Amino acid sequence: MNYQETLDYLFNSLPMFQRVGASAFRKDLKSTILLCDHLGNPERKFKSIHVAGTNGKGSSSHSLAAIFQSAGYKTGLYTSPHLKSFTERIRINGLEITPDLVVQFVEENQSFLEELKPSFFEMTVGMAFWYFVQEEVDIAIIEVGMGGNFDSTNIITPELSLITNIGFDHVQFLGDTLPLIAGEKAGIIKKNVPVVISETHLETKDVFMIKAADMNAPITFADEDWTAYKVAEEEGKTKYKVVISEESEWSVKTQTSAQGEETIDLIFGLNGNYQKYNLPGILESVAQMRQLGWDLPNEAVLEGLKNVTELTGLKGRWQTLSFNPTVICDTGHNEAGFREILSQLETYSYAKLWLVLGMVQDKDISKVLSMLPKSANYVFCEAKLPRALPADQLAEKALSLGLKSEIIPDINQALAFARKNAAEDDLIFVGGSTFVVAEIEEL
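Numbers given for residues are sequential positions, taken from 1 along each chain in its written order. Predicted model: local features are reported for residues with pLDDT of at least 70 only, side-chain atom pairs are reported and counted for 80 or more only, and whole-chain, interface and lining totals are derived from all residues. Water and hydrogen atoms play no part in the side-chain values, which are based on all heavy atoms of the structure.

**Observations concerning the overall build of the protein**
Part 1: Going along the chain from the N terminus, every DSSP run of H or I of four or more residues is numbered as a helix, and every run of E of two or more is numbered as a strand. Helices and strands together make up the secondary structure of the protein, namely 17 helices and 18 strands.
Part 2: Values of the radius of gyration come from C-alpha atoms, whereas the globule rule sets the reference at 2.2 Å times the count of residues to the power 0.38. In terms of overall dimensions, the protein is globule-like: its C-alpha atoms have a radius of gyration of 21 Å, near the 22 Å expected for 443 residues.
Part 3: For the protein, the C-alpha atoms occupy an extent of roughly 65 × 55 × 40 Å along the three principal directions.
Part 4: The buried label goes to any residue with under 20% of its type's maximum accessible area, the exposed label to any with over 50%, and the partly exposed label to all in between, with areas taken from a 1.4 Å probe on protein chains only. Here the protein holds 443 residues, and 58% of them are scored as buried.
Part 5: We call two residues in contact whenever any of their non-hydrogen atoms come within 4.5 Å of each other. The long-range share in the protein, meaning contacts at least 24 apart out of those at least 6 apart in sequence, stands at 73%.

**Notes on the pairing of strand β18 (residues 427-431)**
Part 1: Most of β18 is tucked away: five of the five residues are buried.
Part 2: Residues L427, F429 and G431 point to one face of β18 and I428 and V430 to the other, with burial holding for every one of them.
Part 3: Alignment of strand β15 (residues 353-357) against β18, held across five bridges, turns out to be parallel. Within β18, the position partnered with L357 by the bridge is G431. Between any two strands, pairing holds if DSSP finds at least two bridges.

**Brief notes about the state of the cysteines**
Part 1: Only a pair of cysteine sulfur atoms within 2.5 Å counts as a disulfide in this structure description. Counted under the stated rule, the structure contains zero disulfides.
Part 2: Free of any disulfide, C329 has its nearest neighbouring cysteine sulfur in C381, separated by 12 Å.

**Describing helix α10 (residues 275-291)**
Part 1: With 17 residues, α10 extends 24 Å between its outermost C-alpha atoms, agreeing within 8% with the 24 Å of an ideal straight helix rising 1.5 Å per residue.
Part 2: Counting buried positions along α10 yields 14 of 17 residues, so the element is predominantly enclosed.
Part 3: Positive phi appears at G293, one or two residues downstream of α10, with a value of about 105 degrees. Multiplying 1.5 Å by the helix residue count minus one yields the expected span of that helix.

**Structural notes on the UniProt feature "domain: Mur ligase C-terminal" (unreviewed entry) in the protein**
Part 1: UniProt positions are given in the numbering used here, feature names are shortened, and annotations may be inferred rather than shown by experiment. UniProt's feature table lists "domain: Mur ligase C-terminal" (unreviewed entry) at residues 316-433, given in the numbering used throughout.
Part 2: The straight-line gap between the two end C-alpha atoms of residues 316-433 is 11 Å; of that span, 31% is helix and 21% is strand.

**A few points about the nonpolar core**
Part 1: Counting 36 residues, the largest nonpolar core has M123, M127, F129 and F132 as the members making the most contacts within it.
Part 2: Secondary structure elements with two or more residues in this core: α1 (3-13), α3 (30-38), β3 (90-92), α5 (99-116), α6 (120-134) and β5 (139-143).
Part 3: Looking at which element gives the most residues to this core, the answer is α6, with 10 residues.
Part 4: Among residues more than four places away in sequence, those in contact with F129 are C36, P42, E43, F46, I142, T153, I155 and I156. By convention a nonpolar core is built from buried Ala, Val, Leu, Ile, Met, Phe, Trp, Tyr and Cys residues, the set being connected through side-chain atoms within 4.5 Å.

**Considerations on the packing of aromatic side chains**
Part 1: Planes of paired rings set the category: under 30 degrees apart is stacked, over 60 is edge-to-face and the rest tilted, where pairs are Phe, Tyr or Trp rings (Trp by its six-membered ring) whose centres lie within 6.5 Å. Counted according to the given criterion, the structure contains 14 aromatic pairs.
Part 2: Through a chain of ring-to-ring contacts, the aromatic side chains of F46, F129, Y131 and F132 assemble into a single cluster.
Part 3: Its guanidinium or amino end placed over the ring of F221, K205 lies 4.9 Å from that ring's centre, counting from NZ or CZ. Charge over a ring is defined by NZ of Lys or CZ of Arg lying within 6 Å of the ring centre and within 35 degrees of the ring normal.

**Thoughts on the pairing of strand β6 (residues 160-163)**
Part 1: The alternating pattern of β6 places L160 and L162 and S161 and I163 on opposite faces, both of which are buried.
Part 2: Of the pairings in the sheet, the one linking strand β1 (residues 48-52) to β6 comprises four bridges and is parallel in character. Across the sheet, the residue bridging to I49 is L160, located in β6.
Part 3: Of the pairings in the sheet, the one linking β6 to strand β7 (residues 195-197) comprises three bridges and is parallel in character. Pairing of S161 across the sheet is with V195, part of β7.

**Quick look at the pattern of salt bridges**
Part 1: Here a salt bridge means any side-chain nitrogen of Lys or Arg lying within 4 Å of a carboxyl oxygen belonging to Asp or Glu. Tallied over the entire structure, the rule returns 13 salt bridges.
Part 2: Of the charged contacts in the structure, one is a salt bridge between K230 and E233, with a shortest N-O distance of 2.7 Å.
Part 3: On the accessibility criterion, E233 (41% relative accessible area) is partly exposed.
Part 4: For R339, the salt bridge is made with E335, and the minimal N-O distance between the two is 3.0 Å. Of this pair, R339 and E335 both sit in helix α13 (residues 335-345), four residues apart, which is roughly one turn of the helix.
Part 5: A single network of salt bridges, built from pairs that share partners, joins K384, D410 and E439.

**What about the side chain of T331?**
Part 1: Here T331 shows up in the loop between β14 (326-329) and α13.
Part 2: Non-local contacts of T331, meaning those with residues more than four positions away in its chain, are made with L83, G316, R317, S433, T434 and V437.

**Section: the packing of α1 against α5**
Part 1: Orientation is described by axes fitted as lines to C-alpha atoms, over the contacting stretch for helices, and by angles from 0 to 180 degrees between their N-to-C directions. Where α1 meets α5, the axes come as close as 10 Å, and the angle between the chain directions of the two elements is 40 degrees. In terms of orientation, α1 lies oblique with respect to α5. The interaxial crossing formed by α1 with α5 has left-handed handedness. For the pair α1 and α5, the contacting residues are Y3, T6, Y9 and L10 in the first and P99, V102, V103, V106, Q110 and E114 in the second.
Part 2: For this classification, the nonpolar set comprises Ala, Val, Leu, Ile, Met, Phe, Trp, Tyr, Cys and Pro, the charged set comprises Asp, Glu, Lys and Arg, and every other residue, Gly included, is treated as polar. Classifying every residue of the contact of α1 with α5 by side-chain character gives seven nonpolar, two polar and one charged. Note that the term roughly parallel is reserved for angles under 35 degrees, roughly antiparallel for angles over 145, roughly perpendicular for angles of 65 to 115, and oblique for everything else. Note: crossing handedness is left-handed where the near helix turns anticlockwise from the far helix by less than a right angle, and right-handed where it turns clockwise.

**Describing helix α4 (residues 57-70)**
Part 1: Given a rise of 1.5 Å per residue, 14 residues ought to cover 20 Å, and the 20 Å separating the end C-alpha atoms of α4 matches this to within 8%.
Part 2: The buried count for α4 comes to 13 of 14 residues, which makes it a mostly enclosed element.
Part 3: G72 lies just past α4 and shows a positive phi near 95 degrees.

**Here's the deal with the sheet that holds β15**
Hydrogen bonding along the main chain pairs the strands of a sheet, whether they run parallel or antiparallel.
Part 1: Spatial ordering of the open sheet is given by β13-β14-β18-β15-β16-β17, a layout of six strands whose pairing is mixed. Only two strands of the sheet have a single neighbouring strand rather than two, namely β13 (319-322) and β17 (405-407). Strand-to-strand twist of the sheet, defined as the mean angle between neighbouring strand axes without regard to direction, takes the value 20 degrees.
Part 2: With three bridges joining them, β13 and β14 adopt antiparallel strand pairing.

Have a look at this one:
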């Protein structure tokens, strides 16, 4: 098979959560373990950082990869889902796995895959781990797909675990309370492996403390030692002042403010205001890895954070697509994500706000819809996958909450409609689902 035939084979023969939802989710690690046994247990042959969380795990994973890359380490990065190309999921030093190697992996393992019948995600995890060993990476940053406990990535024993935050998402799989969801995410905490929690929540702190104690895993709540303040936006990047507590193990000389605080000034290549919640976990992870002997100079940390999108190819995080009118897209898709999106939209000056939105049908979207401003113009669309909520059904749910809309199922046609009808000083936001952002042609 050529590359396209190989992709068609994988997409059509393996259940894919991105497309079909619940039927592709498995609450055990048996298939992943069997596949990795078949591959010679690559998960035991490279060092890693494991990243989970409801929001922010993708941004944090890319940021850590950029930092290690800037420090001169050969750095693997495994993330999901992909936006444009399957190969985005598996990178080394920002470069995607080649189509030839995807074909090679499937050719060499096709008979076993047909016998095992893993999910698409399980297969991709096996491919990533195989590739990282083939290429002898120094370290790989591994993003959890969903949850943690039964996620296919959870067969690794990393150098460090990072859990970004806890919010309501995938409740039908992970539980309908924050402590239950936290319990699933805490499943990545391993015996004697330090764990960093980016955001402290009173409802979930004890869940992590108990699990860490059970695993004898040193635990740090990053936002107790770090506070990030947004200072300004310049040339598509954001300036932050980060205050470090006296208790922090940060081992590099910092500045001292007039108030006597230890601070770092940095420029972050990701513009979402919600990144202020991710930065403490990223920086504390650097501090922890330094203690484990990794050479991460301050210059590399600052360089990695500043150039994260250029170094890793990350897209769709508060990305400005064009001006006059300004068009912004973001992959935030749950209640907590939308709260931050709406808060940041309020910081812009515009005549009229346009929201081009599509969502998936296996989530409770009522909380998100109830937050949306009634004064905005809405265009509802749908991604081209079975999980997508039909645009007319989304419009019907929105109308019951007082939100009137245009219904244009095709995402790019919906965006074109908004652009055609918006004034130059209007603001257009496109999102509601990762898969909506993925189908924007100019992304």
